[in-house]
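Observations on the model geometry
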Amino acid sequence: MKQFIKSIIFLGLAVPTLTGCLEEVYPGQGFTQEQLKETDNSAAALSKAIPGAFLRMGNGNGHYGYAGLAMDRETMGAEIPVYSTLYDFYQDEGFDHQLGPEYYVATDWWPFYYELIKKCNLTLGAVPITEFTSAEELAYVGNALGYRAFAYYDMACAYEYKKTGFTQLDSKAEADKIYGLTVPIRTEFTTQQEATKDTRAPFYAMYRFIMTDLDRAEKYLQGYKRTSANMIDQSVIFGMKARLWLQMGSRFEKSSTDLQAQISHENDEALAIYNKLGITSANDCFKKAAQYARLAISQGHRPTTKAEWFNSTTGFNTANEAWLLAVQINSNDMTNGSHWNWKNFVGNMSSENTFGVNNLEYKAFREIDAALYKTIEAGDWRKSTWIDPADAGKTDAYSKYTTLFKAAEWAQLPAYTGLKFHPRSGEMKNYKVGAAVDIPLMRAEEMYLIEAEAKAHYEGLEAGKQALTNYLNTYRYDDGSYLCNATTMDGFNDEILRQKRIEFWGEGIVFFDYKRLEKAVIRRYDGSNHPEGYQFNTKAGYVAPRMNICLSHYETMYNENLVNNPNPTNVHE
Amino acid sequence: MYDYGNGAVNGVTREIFLNEAPLQDDRLNVSTNSSNSYGMQGYTDISFIEDLKLTLNVSIYNTENRDNDASNPYYGFDKTRGGQVGVSHYRTFAFNTQQLLNYSKAFGKHTVSALLGHEFTRNTSTTLTGRKNNIFAFKMNTELAGALSLVSTNSYKNFYNIEGFFFRGQYDYDNKLFASASFRRDGSSRFHPSHRWGNFWSFGGAWILTKEKWFKPTWMDMLKLKASFGQQGNDAIGDFYYSDFYNLSAVNGEGSLAFSNKGKRDITWETNTNMNLGFEFELFKQRLTGSVEYYQRKTTDMLLWFSVPPSLGYDGYYDNVGDMMNRGVELNLDADLIRTKAFTWAMNFNITHNHNNISYLPEQNKTLEKEGHAGYANSSRYVGEGLPINTWYIKKYAGVNEQGLGTWYYTDATTGDMKTTTDYSSADYYLGGSPHPDVYGGFGTSLRAYGFDLNVNFIYSLGGKAYDSGYEGMMRNPEPSIAPQAYHKDLLNAWSAENTNTTVPRFQYGDLNTSAFSDRFLVDASTLTFKSITLGYTFPAQLVKKLQLSSLRLFISCDNVAYWGKRKGFDPRTSLDGSVYDNSYSPMRTASAGISVKF
């Protein structure tokens, strides 16, 4: 009996130790591919990840999502001179150094765009298009295609090498045969093997690829009403088409060889997957640019009003009907540990904060180019966005300006400081509220300017000037005093660029126009407010060397068929 | 009163480290960690049928950590957000159970034993974190409840399981011939269910020749021949690498699943197969003893990170990329040179030579070819067929040119010649050698005389190339975006019109490439370490007996006494793959003294 009891006790103790079967484990954070398939509404969540990609932090101090890249583009021009270089996170663009393939501009831009494209491709792969696909799902596809086109548009313009007028760079580009090359195309069908072997797509293929995505998106987004400004709807597609057609128009007008190249490849077997462009001249492109710009406007977008512009709590941080597309940051999007507390747009572009570097403590104030400011007419109500040198430091001039500061603090800001951007809800201390802003990516004003510029080409200079004059007098001048004095197309282009530089100060848009129109960047002149070490002028009629972005060396390291752009570091007069 | 450099103290702002005063932070800020752990093991041995025994083992081990950090709201960078408090709690719970069935029987001169077993391990780790800004009363409450604005909270659990079945058999004849064989089947939760099981074999034998009657030589006291063959599995990568992985996050308040990692479904166990062949001997009445062993260790299905072009939207993934071979010879010798009653002197010496190379890579992982070796690049390393693992993939420095600028090599695409360029970005990558030593080992000696004993030991490693990051950092030229720092005195030898015979480029403010990553900073990783020295004295037996003790010994010793490397401050022993940083800790020199008493 005792033995029996002993055995029972032993067995009782032993039984728990007999457990042990390999159990299925699931991740504690995040989801595996299999779990994704079982989640409800995974297509919606994948689709939401696309605007989320606009918040990807880069390694450089100035790289906080897409806004950081936009700042890179602004500082490559002469748009936002900084007051004190000590806390300027964009010194590379100022001094023209560290622009090579191993440095942050090259290594942060590249994965930003391609991770965005990957997310678009995943959404496209997740939603099959059949006759049963719901309108909601078609909208996800349209949104993904639109963002993919957005990314490729940016890259095609940024990475294509354009003549700089400096022989050491231009002749190397010639020898390396990279003229006209953009970036590799990645779709939901690209395999890993292809990625290690393929080459940079030539411009004529890239334009058709982007246009095909936009054509499809236009179709799928028919009738779609979006719920937030970071989702793409048909008006955004029209806006992107307007931009793309304008790029092509300017390009084909300047170079008939490029036009011939585009037309001659129209019937290529290899490019048959893309829609044909169907153009025969540069003016065909300009016509389409104006047409789509007008379509974008007619979908319910209008320029920012004076009241919206000069609102110290909602000005340029809250999306409205003037904004076609925006980056929208919510407090909860700012994950801890990613340095959002000091790496953010508001902390760099608005002086009304204590959490960034553009403030009274760290003094990295952003100003407007002094030469540009002097050309702003008195009748243009946008002028009081920046502090007039005659008013700087004088508390009695305080009331002319829209700012969250009190007079005494405002008087400490230097001349030319921009007061365009504001923290959300006037919150200057808590970055979680103040930096959680909307950032414009495309606004209706750009559409008006594209329309005016395009008209000048296919309807004649007078028509273009008329369109520009009407637009500015209606929407930007209180007294109807604007007059366009351009006598040549080049002069008119300069005027359009000037208006864009004023309108889109701090938004990263004019980089594309500088490159498209091959305009020089002028920082050195009498009375310049650019920091001493940044004062370089690039060559007239050529693109600034720093605006030809280098491919990331991580890409060229793993794909020997990709030839990089020449390194523009320290190339200046 | 500390100066934060922001002008508050005396109106003067400091150019670097604005708003920082580490000494003040050290006094005011809080950082605590409290932890506890416990472990329990239990077992039962149940002997039922004769010669058969069932053993059941169970063990649990639990560790917990609670961190609390708080930065003060009065000064410095955290002032604008009112200070910040963070609390985290971590727990790891490891559960392991084994069921073993043992059989052991002797039949005359034959002894046989067998073991059949099953083992299961489950590790669970949990994390809980919270962070808040705006501490209300810093001196009174630095927990989350004492702060006002929520920054973030998070919690998650991770699991890892392993299950294994195994068998082992052993046989020996008359204590002079030994043989054993075993088999193990393991499954790991780190792999996909259809690839998670691995099978591993091993067998071996030994033969003590000197015990054989026909073995004549009397000067050989012991000679044992041994051979073995065995396999083990390795699954030491993170979890869920077998599947594409998505992060859950909020985008403008709505749920989004953002692609984060690429997975490879068919990754499975990495297998290490070892083959050892050797003999142990004792000669001349145990005056000279030692062993010689030849080994071959083949790793198949090596789990390694495979890099891809980032235009795919990800950097790479874990894959069973290929096979690696380690082959080598090991020699161990111990000699008693003098052996008398009052005085003994012995020496020991060992040396190992290992040759490592990647023996096979599958076709899809061969994306490049360098110097005849197909493979792929992984940041600053090249994984190539026929090359050692972690071979350097690095730009080659070509010295300074006539203007004192640094130059690097590139290969002309048309002619194939190596040329030099002053543009670092257009220089090419080349193979830079292996970080592994050619030979390594140790030697030492011990003396014993009149109650004193002295033991001295050295360790050495010859060969291999390691990268001296500390030297690279101290040889760079100043530039606007880096803070002031210490510079190496070798910069005094920088090129100048009067000093043209040097490899150090001219000292130029703002030149970022003077100390760029290249083989200029690859250094021979040979080292000699004076590992330990111990001096002791054992009191004579008669004296000790009077104290009612059976033995008494005093000793002093020093460990990690010194080491010699190729450059002062460069310690390649801190890294296995040749990446040496100036902030890695060398083994600390410790000195100790003691008394050993036996009753």
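A brief look at the structure comes next. Just so we're clear, the structure is a prediction, and the values are computed from it rather than from any experiment. (Residues numbered from 1 in each chain as written. Chains lettered and ligands numbered in written order. Predicted model: local features only at pLDDT ≥ 70, side-chain atom pairs only at ≥ 80, totals over all residues. Heavy atoms only, no water.)

Focus: the side chain of Thr-196 of chain A
Going by this rule: Per the convention used, a helix needs a DSSP run of H or I reaching at least four residues, while a strand needs a run of E reaching at least two, with both numbered from the N terminus. Polar contact is the term for a pair of N or O atoms within 3.5 Å; when the atoms are in protein, one must be able to donate a hydrogen and the other to accept it, and sequence-neighboring residues count only if both atoms are side-chain atoms. The contact criterion used is simple: two residues touch if any of their non-hydrogen atoms lie within 4.5 Å.
Within the secondary structure, Thr-196 of chain A is located in the loop between helix H9 (192-195) and helix H10 (203-220). In terms of polar contacts, Thr-196 of chain A uses its side chain to reach the backbone carbonyl oxygen of Gln-193 of chain A, at 2.8 Å. Apart from residues no more than four positions distant in its own chain, Thr-196 of chain A is found in contact with Tyr-558, Asn-559 and Glu-560 of chain A together with Pro-309 and Thr-367 of chain B.

Section: the packing of H10 of chain A against helix H11 (residues 234-254) of chain A
Residues and elements named next belong to chain A. For clarity, the threshold we go by: Lines fitted to C-alpha atoms define the axes here, with helix axes fitted over just the stretch in contact, and angles between the N-to-C directions of these axes take values from 0 to 180 degrees. Here the angle decides the label: under 35 degrees means roughly parallel, over 145 means roughly antiparallel, 65 to 115 means roughly perpendicular, and every other value means oblique. In this scheme the crossing of two helices becomes right-handed for a clockwise turn of the near helix relative to the far one and left-handed for an anticlockwise turn of less than a right angle. Three residue categories are used. Nonpolar comprises Ala, Val, Leu, Ile, Met, Phe, Trp, Tyr, Cys and Pro, charged comprises Asp, Glu, Lys and Arg, and polar comprises the others, including Gly.
The interhelical angle for the contact between H10 and H11, taken along N-to-C directions, is 160°, at an axis separation of 10 Å. Between H10 and H11, the interaxial angle falls into the category roughly antiparallel. With respect to the hand of their crossing, H10 and H11 are arranged in left-handed fashion. Residue-level inspection shows Phe-203, Tyr-207, Ile-210, Met-211, Leu-214, Asp-215, Ala-217 and Glu-218 of H10 in contact with H11, the latter providing Gln-234, Ile-237, Phe-238, Met-240, Lys-241, Leu-244, Trp-245, Met-248, Arg-251 and Phe-252. When grouped by side-chain class, the residues that make up the contact of H10 with H11 number 13 nonpolar, 1 polar and 4 charged.

A closer look at the sheet that holds strand S19 (residues 381-384) of chain B
All names here are of chain B. The following threshold applies: Here the rule is simple: two strands pair whenever DSSP picks up at least two bridges between them.
Strand order across the open sheet formed by 5 strands is S17-S18-S19-S20-S24, with antiparallel pairing between neighbours. Edge positions in the sheet fall to strand S17 (368-370) and strand S24 (429-431), since each has one partner strand and no second. If you compare each strand with its neighbour and ignore which way they point, the axes differ by 45° on average. Bridging between strand S20 (residues 391-395) and S24 involves 3 bridges; their strand directions are antiparallel. Residue pairing for S24: Tyr-393 is matched across the bridge by Leu-431.

Looking at the packing of helix H20 (residues 461-475) of chain A against helix H21 (residues 489-503) of chain A
Residue and element names in this part refer to chain A. Two numbers describe how H20 lies on H21: the axes approach to 11 Å, and their chain directions differ by 20°. Here H20 lies roughly parallel to H21, going by the angle between them. Between H20 and H21 lies a crossing whose hand is left-handed. For the pair H20 and H21, contact is made by Leu-461, Gly-464, Lys-465, Leu-468, Tyr-471 and Leu-472 and by Met-489, Phe-492, Glu-495, Ile-496, Gln-499 and Glu-503, respectively. For the contact of H20 with H21, the per-class residue count stands at 7 nonpolar, 2 polar and 3 charged.

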